[in-house]
Amino acid sequence: MAETHVLFVEDDDVIREATQLALERDGFTVTAMPDGLSGLEAFRADRPDIALLDVMVPGLDGVSLCRRIRDESTVPVIMLSARADSIDVVLGLEAGADDYVTKPFDGAVLVARIRAVLRRFGHASGPDGRSGAGKETASAADDGLLRFGDLEVDTEGMEVRRAGEPVALTPTEMRLLLEFSDAPGTVLSRDRLLERVWDYGWGGDTRVVDVHVQRLRGKIGQDRIETVRGFGYKLRG
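Residues numbered from 1 in each chain as written. Predicted model: local features only at pLDDT ≥ 70, side-chain atom pairs only at ≥ 80, totals over all residues. Heavy atoms only, no water.

A.B. asks: What is the right way to read the nonpolar core from this model?
C.D. replies: Grouped burial of nonpolar side chains is what soluble globular proteins tend to show. Counting residues in each nonpolar core, the largest one holds 49 residues, and the members touching the most others are Leu-53, Met-79, Val-153 and Phe-180. Here this core takes 6 residues from helix 8 (residues 207–220), the largest share from any one element. Every residue in contact with Met-79, bar those within four places of it in the chain, is listed here: Leu-53, Val-55, Gly-62, Val-63, Cys-66, Gly-92, Ala-97, Asp-99, Tyr-100 and Val-101. (Core = buried A, V, L, I, M, F, W, Y, C linked by side-chain atoms within 4.5 Å. Buried < 20%, exposed > 50% of the residue type's maximum accessible area, 1.4 Å probe, protein only. Helix = DSSP H or I, 4+ residues; strand = E, 2+ residues; numbered from the N terminus. Contact = heavy atoms within 4.5 Å.)

A.B. asks: What exactly am I supposed to notice about the sheet that holds strand 5 (residues 99–102) here?
C.D. replies: The strands making up a sheet associate through hydrogen bonds between their backbones, and the pairing can be parallel or antiparallel. Taken together, the 5 strands give an open sheet; going across it, the order is 2-1-3-4-5, and neighbouring strands pair in parallel fashion. A single partner strand is all that each edge strand has here, and the edge strands are strand 2 (29–33) and strand 5. Sheet twist, expressed as the average angle between the axes of neighbouring strands with direction ignored, equals 20°. On top of the sheet, helix 2 (residues 36–46) reaches strand 1 (5–9) and strand 2; it is set at about 165° to strand 1, its chief contact. (Pairing = 2+ DSSP bridges. Axes fitted to C-alpha atoms, helices over the stretch in contact; angles between N-to-C directions.)

A.B. asks: I'm lost on the packing of helix 4 (residues 86–94) against helix 8 in this one. Help?
C.D. replies: Angle between the axes and distance between the axes are the two parameters that describe a pair of packed helices. Following both chains from N to C, one finds helix 4 and helix 8 inclined at 40°, their axes separated by 9 Å at the closest point. The orientation of helix 4 with respect to helix 8, classified from their angle, is oblique. Relative to helix 8, helix 4 is oriented so that their crossing is right-handed. Listed contacts from helix 8 to Ser-86, Val-89, Val-90, Leu-93 and Glu-94 of helix 4 are Arg-207, Val-208, Val-211, His-212 and Arg-215. Residue composition of the contact of helix 4 with helix 8, by class: 5 nonpolar, 2 polar and 3 charged. (Parallel < 35°, antiparallel > 145°, perpendicular 65-115°, else oblique. Left-handed = near helix turned anticlockwise from the far one by under 90°. Nonpolar A, V, L, I, M, F, W, Y, C, P; charged D, E, K, R; others polar.)

A.B. asks: What am I meant to see in the pattern of salt bridges here?
C.D. replies: Two side chains with opposite charge may pair up if their charged atoms get near one another. Per the stated rule, a full pass over the model turns up 20 salt bridges. Between Arg-16 and Asp-13 there is a salt bridge, with its nearest N and O atoms 2.7 Å apart. Here the residue Arg-16 and the residue Asp-13 both occupy positions in helix 1 (residues 13–25), the gap between them amounting to 3 residues, near one helical turn. Given a relative accessible area of 12%, Arg-16 falls into the buried group. Residue class for Asp-13 comes out partly exposed when judged on its relative accessible area of 44%. Its salt-bridge partner being Arg-47, residue Glu-72 comes within 3.7 Å of it at the nearest N-O pair. Of this pair, Glu-72 sits in helix 3 (residues 62–72) while Arg-47 sits in the loop between helix 2 and strand 3 (50–54); the two residues are 25 residues apart in sequence, bridging distant segments of the chain. (Salt bridge = Lys/Arg side-chain N within 4 Å of Asp/Glu carboxyl O.)

Right under this line is the structure:
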């Protein structure tokens, strides 16, 4: 089995070298770059399986680099930030990152988060490895199509259309939509979504959920996912 290839962009020499060694000890192949521009070049040349991007790198900052990567690929991206600052976190997630880790981080925690992201990206059939949405709804057809107003979700082909037009979703957005589609009209808490979509076996930052819901709304319609204050979100049937 081919080793997972990680692109790691970090300008601090000590952190970059130590993290690269730790990841390689865990079986990853690592391309480590000191700035955003060289990171973008390496991404285009190597097409890694996952990208770890520090927010504050010279030349092309991590958030901008994430946007450039997202314009070209759905490869998973984890942002690294020296602070749990709301602006850093939200900007990174809005740029298309799938998760973030705050520095200083424990190497084992970073590896666990990488593996969690890769697991969910490796299951294109849905949040539980299902071939479909899991249970029939009134709007489900025998061919695996789920319809919610003008929104059509193909749970077998992993395709989404709105008013007949294709909607491009990242794997994380697709998993989030599948989770909502599995229980239309049911309020799903942020903690449940963190566990089911992000594979968090422990408490996580619910801002990850909120930003991804906003991104998903922008693609499938602002009114399609309703906020239930104090409880979570639900998909309108």
